[in-house]
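# Structure at a glance
What follows is the residue order along each chain.
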Amino acid sequence: MDKLFFLDPRDAETGFLSNFYRAEFLLDGTLWPTVEHYYQAQKFTDAAYVERIRLAATPRVAKNLG
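Summary of the structure given here.

Conventions and cut-offs
Within each chain, residues carry numbers counting from 1 in the order of the written sequence. Only residues with pLDDT of 70 or above have their local features reported here, since the model is predicted, and side-chain atom pairs are shown and tallied only from 80 upward, although totals for entire chains, interfaces and linings are computed over all residues. Note that the side-chain values use all heavy atoms of the structure and ignore hydrogens as well as water. Criterion for a salt bridge: a side-chain nitrogen of Lys or Arg within 4 Å of a carboxyl oxygen of Asp or Glu. Only protein chains enter the accessibility calculation, which uses a 1.4 Å probe; a residue is then buried when its area is under 20% of its type maximum, exposed when over 50%, and partly exposed in between. We count a stretch as a helix when DSSP gives it H or I for four or more residues in a row; a strand needs E for two or more, and each element gets its number in order from the N terminus. Note that patches include only residues with greater than 30% relative accessible area and no salt bridge, and the join distances are 9 Å for like charges and 5 Å for nonpolar side chains (Val, Leu, Ile, Met, Phe, Trp, Tyr). For accessible areas, the Shrake-Rupley method is used with a probe of radius 1.4 Å. Any residue's cover is judged against the shown protein chains and nothing else.

### Concerning the pattern of salt bridges
A side chain with one charge can pair with a side chain of the opposite charge if their charged atoms come near. Inspection of every chain in the model, using the stated rule, returns 2 salt bridges. For Asp8, the salt bridge is made with Arg10, and the minimal N-O distance between the two is 2.9 Å. Look at Asp8 and you get partly exposed, because its relative accessible area is 22%. Residue classification places Arg10 among the exposed positions, given a relative accessible area of 73%. Across the pair Glu51 and Arg54 runs a salt bridge, and its minimum N-O distance is 2.7 Å. Of this pair, Glu51 and Arg54 both sit in helix 2 (residues 47-54), 3 residues apart, roughly one helical turn.

Structure representation (structure tokens):
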């Protein structure tokens, strides 16, 4: 098996392994668009800022906000 050095969310075989992969999930009553959105939001306690990250248009924007 080849080693994976970078996970491209657009890759048909391995994209689902990326934090940027578009796969909504519900956690404690909140719908998150990607794991990256959730991960970045966990760095903050300000509810308004957490919501801003959750609603970010893309995982890249969420990362930049984090």
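This is not the end of the story, as more comes after the structure.
### Regarding unusual backbone geometry
Phi angles above zero are rare outside glycine, and Asp28 is one such case at about 50 degrees. Structurally, the position occupied by Asp28 is in the loop between strand 1 (25-27) and strand 2 (30-32).

### Regarding a nonpolar patch on the surface
A cluster of nonpolar side chains, Phe16, Leu17 and Tyr21, forms an exposed patch at the surface whose accessible area comes to about 300 Å². Within the secondary structure, Leu17 sits in the segment before strand 1. Leu17 sits in the partly exposed class, given a relative accessible area of 43%.

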